[in-house]
Amino acid sequence: MKYYILTLFPEMVLQGLNTSIIGRAVDKGLISMEAVNIRDYSKDKHNHVDDAPYGGGAGMVMQPGPVCDSYEALCQRIGKRPRVLYMTPQGKVFNQSVAQELAGEEELVFLCGHYEGIDERALERIVTDYLSIGDYVLTGGELPAMVMIDCISRLVPGVLNNHVSAEIESFHDNLLEYPQYTRPEIYEGKQVPEVLLSGHHKKIEEWRRQQSIRRTLERRPDLLAEAVLTKKEEMYLETLKAERGGEEE
Ligand code: ADE
């Protein structure tokens, strides 16, 4: 996977993603990241890339020329026109299934705006996807781009050492992940659940699925509408709901 980030703050994105798992994935050549400084495409003698909004109002708007030119120069150089993801609170909210879909691409361009945003004509010309990381407003698109790059990268084969871990984690089957325990067996008087010490893999798996269902019901009941459950698990969920219904009365 090759990521290209169009930004006014290239070092912010590159420095933020060069450690730990993502840093190692870059070192191993599984992913690559290149930041393009939009300011390099300014035609202004003071290197300006923004100006006041037509019609008045607060703040500055990024001009269309440098944004489009930075993308076109990139396309020329790599001989492709990758999808352009514009980071905006007005976009579709990014989630695990959007990440999964994007992980299938060979290249992705992240367009990061700053100030009051980017001139609409540049967006109309180059943007293919409008994406948000949630219903709140940040000062720029760099953090959202970093969030998405982190999330997409761990779906690229080989990035996580552990093949299965991307599959049985939170949001798989639209359920939250089960609780995890490690040594010591007793911590401050609290014992690790007995079943996990049993060595009985089938029972452990069943217990974990039940914990996932219980946890999702408690913490994110909205996810259950789309959860993928067996008949037996559906019955388990119904008993949990009945128990909880009882508590509320
Ligand atoms: N830019 C500013 N806020 C944002 C958000 N919530 N998601 C994506 N891009 C943004």
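Throughout what follows, the structure given in this document is the object of discussion.

Rules behind the numbers
Residues numbered from 1 in each chain as written. Predicted model: local features only at pLDDT ≥ 70, side-chain atom pairs only at ≥ 80, totals over all residues. Heavy atoms only, no water. Core = buried A, V, L, I, M, F, W, Y, C linked by side-chain atoms within 4.5 Å. Buried < 20%, exposed > 50% of the residue type's maximum accessible area, 1.4 Å probe, protein only. Helix = DSSP H or I, 4+ residues; strand = E, 2+ residues; numbered from the N terminus. Contact = heavy atoms within 4.5 Å. Pairing = 2+ DSSP bridges. Axes fitted to C-alpha atoms, helices over the stretch in contact; angles between N-to-C directions. Expected span 1.5 Å × (residues − 1). Near = heavy atom within 4 Å. Polar contact = N/O pair within 3.5 Å; in protein donor to acceptor, adjacent residues only side chain to side chain. Nonpolar A, V, L, I, M, F, W, Y, C, P; charged D, E, K, R; others polar.

**A look at the nonpolar core**
Side chains of a nonpolar character, in soluble globular proteins, are inclined to be buried together. Residues Tyr-3, Phe-110 and Ile-152 are the most contacted members of the largest nonpolar core, which totals 28 residues. No other element matches the 6 residues that helix α6 (residues 142-153) contributes to this core. Other than its neighbours up to four places away in sequence, Phe-110 contacts Tyr-3, Tyr-4, Ile-5, Leu-6, Leu-85, Met-87, Ala-145, Met-148, Ile-149 and Ile-152. Membership of the second largest hydrophobic core comes to 21 residues, among which are Val-67, Leu-111, Leu-123 and Ile-126.

**Overview of the sheet that holds strand β5 (residues 83-93)**
The strand order across the open sheet formed by 5 strands is β2-β1-β6-β5-β7, and the pairing between neighbours is parallel. Taken across any chain shown, the strands that pair with only one partner, and hence form the sheet edges, are β2 (32-37) and β7 (129-132). Shown here is a sheet whose adjacent strand axes are inclined to one another by a mean of 35°, direction ignored. Note that strand β1 (residues 2-7) and β2 share 6 bridges and pair parallel. Bridge pairing in β2 places Tyr-4 opposite Glu-34. Of the strands in this sheet, β1, β2, β5 and β6 (107-111) are in contact with helix α3 (residues 64-78), which crosses β1 at around 155°.

**Details of the side chain of Ser-70**
Position of Ser-70 relative to the elements: it lies in helix α3. Ser-70 gets classed as buried once you look at its relative accessible area, which sits at 1%.

**Observations regarding unusual backbone geometry**
With the exception of glycine, the majority of residues adopt a negative phi angle, and the majority of peptide bonds are in the trans configuration. Here the amide bond leading from Arg-183 into Pro-184 is cis, since omega sits at 5°, within 30 degrees of zero. Considering the arrangement of structural elements, one finds Pro-184 in the loop between α6 and β8 (186-187). Positive phi outside glycine occurs at Asn-47, with the angle close to 60°. Within the fold, Asn-47 resides in the loop between β2 and β3 (50-51). Judged by its relative accessible area of 39%, Asn-47 is partly exposed. Phi is positive for Glu-188, close to 50°, though the residue is something other than glycine. In this fold, Glu-188 is placed in the loop between β8 and β9 (190-191). By relative accessible area, which is 70% here, Glu-188 ends up exposed.

**Quick notes on the pairing of β6**
Of all 5 residues in β6, 5 are buried; the element is thus mostly enclosed. Looking at chain direction, β1 and β6 are connected through 5 bridges and run parallel. Residue pairing across strands places Tyr-4 opposite Val-109, the latter belonging to β6. Where β5 meets β6, 4 bridges bridge the pair, whose relative direction is parallel. Bridge pairing in β6 links Leu-85 to Phe-110.

**A short note on α6**
Over its 12 residues, α6 runs 16 Å from end to end, which matches the ideal 16 Å to within 8%, given 1.5 Å per residue. With 9 of 12 residues buried, α6 is to be regarded as a mostly interior element. Within α6, the full set of buried residues consists of Glu-142, Pro-144, Ala-145, Met-146, Met-148, Ile-149, Cys-151, Ile-152 and Ser-153.

**Points about the site of the ligand**
Around the ligand lies a shell formed by Met-87, Thr-88, Pro-89, Leu-131, Ser-132, Ile-133, Gly-134, Tyr-136, Val-137, Leu-138, Gly-140 and Pro-144. Interatomic distance of 3.1 Å between a backbone N/O atom of Gly-134 and a nitrogen atom of the ligand. At 3.0 Å from a nitrogen atom of the ligand is found a main-chain nitrogen or oxygen belonging to Leu-138. Secondary-structure elements contributing two or more residues to the shell around the ligand are β5 and β7. Element by element, the count of residues in the shell around the ligand is highest for β5, at 3 residues. Considering only residue class, the shell around the ligand consists of 8 nonpolar, 4 polar and no charged.

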